[in-house]
Amino acid sequence: MLLNDDWSSFLYEEINSADFVNLQNNVVNEYKIKNIFPKYDDIFRAFNLLSPDKVKVVIIGQDPYHGPNQANGLAFSVCDSCKIPPSLHNIFKELVEDMDCKYPSSGNLTLWAQEGVLLINAVLSVIEASANSHRGIGWEEFTDSVIKKLSEKFENIVFILWGAPSQKKAVLIDEKKHLILKAPHPSPLSSYRGFFGSKPFSKANAYLSLHHKKPINWCLS
């Protein structure tokens, strides 16, 4: 599980802790004996696509998709040829309404990462066909430390928290330095409770512009 040099330096204490070494050993063993997603080399892809000082927006998901060839290391994102999952479909519906973008032809969110959006799940791996199967093995502590450290070391990041589990992360974020946007999860079960119409993309860009940062180009088409 390799992090690029920027993140390795930024998270030096975390990745050299006994807890993280134990987590890494457990994950490596799981990959040897089970079908685990995403691909091993993509576990830290969300981090490796941008450096810590380039993070403008953080979107936090739950855990990777657990179907074959879906997860690509970015929260909510899937491969170019994959069918767009229901939650991502609703994200795209809100994107079209909020930003007047065309509906994307692909569910691959790599362009968002390249724009400065850190798309991370609270748990970074999952067993095939078993949602939340790697919950409680140590990932939550690691990703909590990432969020807390970004909050401490930088200013004016937008944290987008969809759903109750993600919103629990708000306690790790200094609201005096950053913007926290909360809404129900975009899944079909909860999207109509306030996700639609929440305008996270335009609100994020307005905040970034206010603080003299280049807005995100959210349109994917």
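Please read these numbers as outputs of a predicted model, since none were measured by experiment. (Residues numbered from 1 in each chain as written. Predicted model: local features only at pLDDT ≥ 70, side-chain atom pairs only at ≥ 80, totals over all residues. Heavy atoms only, no water.)

Student: How should I be thinking about the side chain of Glu30 in this particular structure?
Tutor: As for its placement among the helices and strands, Glu30 is situated in helix H3 (residues 18-33). Leaving out residues up to four positions away in the same chain, Glu30 has contacts with Ile36, Ile127 and His134. (Helix = DSSP H or I, 4+ residues; strand = E, 2+ residues; numbered from the N terminus. Contact = heavy atoms within 4.5 Å.)

Student: Looking at this structure, I do not really get helix H9 (residues 200-210). What am I missing?
Tutor: Since the α-helix turns once every 3.6 residues, residues separated by three or four places project in the same direction. The complete set of buried residues in H9 reads Pro200, Phe201, Ala204, Asn205, Tyr207 and Leu208. Down the axis of H9, the buried set is contained in an arc of 160°. They therefore lie on one face. In this fold, the buried residues of H9 make contact with strand S2 (57-61), helix H5 (86-99), helix H6 (110-115), strand S5 (158-162) and strand S6 (179-183). Positive backbone phi, at 60°, marks His212, one or two positions downstream of H9. (Buried < 20%, exposed > 50% of the residue type's maximum accessible area, 1.4 Å probe, protein only. Arc of directions from axis to C-beta.)

Student: What should I look at first to understand the sheet that holds S6 in this one?
Tutor: Picture the strands of a sheet paired through backbone hydrogen bonds; they go either parallel or antiparallel. Ordered in space as S3-S2-S5-S6, the 4 strands form an open sheet in which the pairing is parallel. A single partner strand is all that each edge strand has here, and the edge strands are strand S3 (117-121) and S6. Between one strand axis and the next, the sheet turns by 20° as a mean value, whatever way the strands run. Of the pairings in the sheet, the one linking S2 to S5 comprises 4 bridges and is parallel in character. Paired with Val58 across the bridge in S5 is Phe159. Against the sheet, H9 contacts S2, S5 and S6, and its axis sits at roughly 160° relative to S5. (Pairing = 2+ DSSP bridges. Axes fitted to C-alpha atoms, helices over the stretch in contact; angles between N-to-C directions.)

Student: Quick question: what am I supposed to make of the packing of H5 against H9 here?
Tutor: A pair of packed helices is captured by two measures, namely the crossing angle of their axes and the spacing between those axes. Two elements in contact, H5 and H9, have axes whose closest approach is 8 Å; the angle formed by their N-to-C orientations is 55°. With respect to their mutual orientation, H5 and H9 come out oblique. Where H5 abuts H9, its residues Ile91, Glu94, Leu95, Asp98 and Met99 lie against Pro200, Phe201, Ser202 and Asn205. For the contact of H5 with H9, a count of residues per class yields 5 nonpolar, 2 polar and 2 charged. (Parallel < 35°, antiparallel > 145°, perpendicular 65-115°, else oblique. Nonpolar A, V, L, I, M, F, W, Y, C, P; charged D, E, K, R; others polar.)

Such coordinate-based values are descriptive only and should not be taken to indicate function.
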